[in-house]
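What follows is each chain in one-letter form.
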Amino acid sequence: MNSYFTFNDRLRIDLPDLPRPWESFTRREQEKILGKWEEIRGEIPDRISEIEEKIKEKQQDLYNEENFEMSCLLNSEISELASQINDLWIWFRTSEVVRPHAG
């Protein structure tokens, strides 16, 4: 099953990475892939909660930070974490994980 998913370091979850178009899989293969994807999707809210906690910590650090350069760095880190949350929500809402590859 792992051959259909690849770990994404940025989001810290497995994402679909199908080697061929969805229609070329047997019904049984499709069911297995979708079952695995539902397991992964179920972990996404917990992952989002972890990132939200990191954002809260960095916001507190930012509130206490007096160094401008460090404030900029913290703002950048917060923005990246927020971007990760956005991407995770997009994947979470993707119930039909696979579509034919473009190209």
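Position numbers for residues start from 1 in each chain and track the written sequence from start to end. Residues qualify for local features only when their pLDDT is at least 70, as the model is predicted, and side-chain atom pairs are given and counted only at 80 or more; totals for whole chains, interfaces and linings, by contrast, use all residues. Side-chain measures here rest on the full set of heavy atoms in the structure, leaving out hydrogens and waters.

Draft legend 1. Inspection of helix α2 (residues 68-92) at higher detail. For α2, with 25 residues, the first-to-last C-alpha span of 36 Å sits near the 36 Å given by 1.5 Å per residue. Should any heavy atoms of two residues lie within 4.5 Å, those residues are counted as being in contact. Numbering of helices and strands runs from the N terminus, with a helix taken as a DSSP run of H or I at least four residues long and a strand as a DSSP run of E at least two residues long. Elements that come into contact with the buried residues of α2 comprise β2 (13-16) and α1 (27-64). Here α2 starts with a cap whose side-chain oxygen sits 2.9 Å from the backbone nitrogen of Glu69, and that cap is Asn67. One less than the number of residues in a helix, times 1.5 Å, gives the span that helix is expected to have. Here a polar contact is recorded for every N or O atom pair within 3.5 Å, except that within protein the pair must consist of a potential hydrogen donor and a potential acceptor, and residues adjacent in sequence are included only if both atoms are side-chain atoms.

Draft legend 2. The arrangement of the nonpolar core in detail. Counting residues in each nonpolar core, the largest one holds 19 residues, and the members touching the most others are Ile13, Ile33 and Leu88. Elements represented by at least two residues in this core include exactly β2, α1 and α2. Per element, the largest residue contribution to this core is seven residues, and it comes from α1. Setting aside chain neighbours within four positions, we find Leu88 in contact with Leu11, Ile13, Ile44, Arg47, Ile48 and Ile51. As used in this record, nonpolar core signifies buried Ala, Val, Leu, Ile, Met, Phe, Trp, Tyr and Cys residues forming a set joined through side-chain atoms within 4.5 Å. When a residue's accessible area, from a 1.4 Å probe over protein chains only, is under 20% of the maximum for its type it is buried; when over 50% it is exposed; and in between it is partly exposed.

Draft legend 3. A look at the pairing of β2. In this structure, strand β1 (residues 5-8) lies alongside β2, joined through four bridges in antiparallel fashion. Bridge assignment links Phe5 to a residue of β2, and that residue is Pro16. Should DSSP find at least two bridges between two strands, the strands are regarded as paired. Connecting β1 to the antiparallel partner β2 that follows it, the hairpin turn spans four residues, and Arg12 within it adopts a positive phi of roughly 65°.

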